[in-house]
Amino acid sequence: ALNQNLAELQGDINVSFEFFPPRTSEMEQTLWHSIDRLSILKPTFVSVTYGANSGERDRTHSIIKDIKERTGLDAAPHLTCIDATPEELKKIAEDYWHSGIRHIVALRGDLPPGSGKPAMYAADLVTLLKKVGDFDISVAAYPEVHPEAKSAQSDLINLKKKVEAGANRAITQFFFDVESYLRFRDRCVAAGIETEIVPGILPVSNFKQLQRFAAMTNVKVPNWMTSMFDGLDNDAETRKMVGASIAMDMVKILSREGVKDFHFYTLNRADLTYAICHTLGVRPQVAAEQTQV
Ligand code: FAD
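Before going into details, it helps to say that this report is about the structure given with it. These numbers were taken from a predicted model, which means no experiment stands behind them. (Residues numbered from 1 in each chain as written. Predicted model: local features only at pLDDT ≥ 70, side-chain atom pairs only at ≥ 80, totals over all residues. Heavy atoms only, no water.)

## Looking at the site of the ligand
Applicable threshold: If a single non-hydrogen atom of a residue is within 4 Å of a molecule or strand, that residue counts as near it. Nitrogen and oxygen atoms within 3.5 Å of one another constitute a polar contact, given that in protein one can donate a hydrogen and the other can accept it, and given that sequence-neighbouring residues count only through two side-chain atoms. Each accessible area is a Shrake-Rupley result for a 1.4 Å probe, and residues are judged covered by the shown protein chains and nothing else. Under the DSSP-based scheme used, a helix requires at least four consecutive residues in state H or I and a strand at least two consecutive residues in state E, with every element numbered from the N terminus. Each residue gets one label: Ala, Val, Leu, Ile, Met, Phe, Trp, Tyr, Cys and Pro are nonpolar, Asp, Glu, Lys and Arg are charged, and the others, such as Gly, are polar.
For the ligand, the set of nearby residues contains 24 residues, the closest of which are Tyr50, Asp110, Tyr142, Asp155 and Lys162. Note that an oxygen atom of the ligand is positioned 2.7 Å from one of the side-chain N or O atoms of Asp155. The contact in question runs from an oxygen atom of the ligand to an N or O atom on the side chain of Asn158, over 2.8 Å. Taking 990 Å² as the accessible area of the ligand by itself, protein coverage stands at 86%. Among the elements that line the shell around the ligand, the one with the most residues is helix 6 (residues 152–164), at four residues. Looking at the shell around the ligand residue by residue, the class counts come to 10 nonpolar, seven polar and seven charged.

This is the structure in structure tokens:
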């Protein structure tokens, strides 16, 4: 029965993978190794982040171009609007369109400390992009509410605005409390948001780093998770297994709840993401054919 369930799942689940621009040549090697390993899983798309206020935009673009050439995958650059004028953004979007890029992850970017009200929000960027070309657009969503939002309701209204401006899907901030995602998905449906709310899955192997990330982003790290990583500060190997097991449990529950699309924050590593995809029934084409023989 288990095999039958997996067979039913195969082909039904869509995955996408997020990478970030590497800072050293060693990191670059890891990135390409990961892209090669994960691309055989035929993701719907892969995306590359852009560090707002860090001048990394050119690096994001060149990695996107290289991924497309090397793998033929749909490769989506992240684009933030916090650090550029509308004219600059329009020019970037036109360049993307002319170089064959049809999918953009449209974001506002984090405000630098002490800055006032921003001139543009992500919804404005979606509107601007749609005027340049009929891009496939992904936007960010926050099951546990964006830290700056006045309320959960105003954050939800903001997501609705992004969808009404033309976003085709929302990708969530990472989370560990599956219930918070499921409640959020229900609230989106009730608010008339009809796009997929794709859960962003972060396989955790560095728990200390995660605690810092989570504090900055308003993401709850449940007590059960803290106790699972307790005592493993100097044991990277076991941490990795625990992290994989947590993410596997999460995706299993989510797929039982009808989730078909998953976005993985790979942190440029293939191993955990590959293993989690495997448990979801997402397999390389070749292996699937061999099992049928
Ligand atoms: P918005 O949707 O504009 O919302 C930002 C905040 O403003 C929210 O609290 C919202 O409720 C509020 N708001 C919206 N409109 C208004 C309004 N008119 N008046 C008052 N308040 C308003 N950051 C990067 O720098 N580079 C990346 O590559 C990157 N990739 C990401 C990928 C994903 C999937 C996610 C979830 C986040 C990513 N981020 C990235 C982080 C993101 O830039 C930050 O979370 C940022 O603070 C908000 O971006 P947003 O697009 O959600 O903004």
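## Brief notes about the packing of aromatic side chains
The cut-off we apply is this: Pairing of aromatic rings covers Phe, Tyr and the six-membered ring of Trp, with a centre-to-centre limit of 6.5 Å; geometry is then stacked below 30 degrees between planes, edge-to-face above 60, and tilted otherwise. Relative accessibility thresholds used throughout: buried, under 20% of the residue-type maximum; exposed, over 50%; partly exposed, between the two (1.4 Å probe, protein chains only).
According to the stated counting rule, one finds five aromatic pairs in the structure shown. A centroid spacing of 5.0 Å and a plane angle of 90 degrees characterise the contact between Trp97 and Phe135, whose relative ring orientation is edge-to-face. With Trp97 in helix 4 (residues 86–98) and Phe135 in the loop between helix 5 (122–132) and strand 5 (136–141), this pair connects stretches of sequence that are 38 residues apart. Taking relative accessible area as the criterion, Phe135 reaches 1% and is therefore assigned buried. Consider the rings of Phe174 and Phe176, whose centres lie 5.8 Å apart with planes at 55 degrees: the pair is tilted. One exposure class covers both Phe174 and Phe176, and it is buried.

## Some details on a nonpolar patch on the surface
Note the threshold: Each patch groups residues whose relative accessible area exceeds 30% and which form no salt bridge, using 9 Å between like charges and 5 Å between nonpolar side chains of Val, Leu, Ile, Met, Phe, Trp and Tyr. By definition, a salt bridge exists where a carboxyl oxygen of Asp or Glu is found within 4 Å of a side-chain nitrogen of Lys or Arg.
A cluster of nonpolar side chains, Phe213, Met216 and Leu267, forms an exposed patch at the surface whose accessible area comes to about 280 Å². Along the chain, Met216 falls in helix 8 (residues 207–217).

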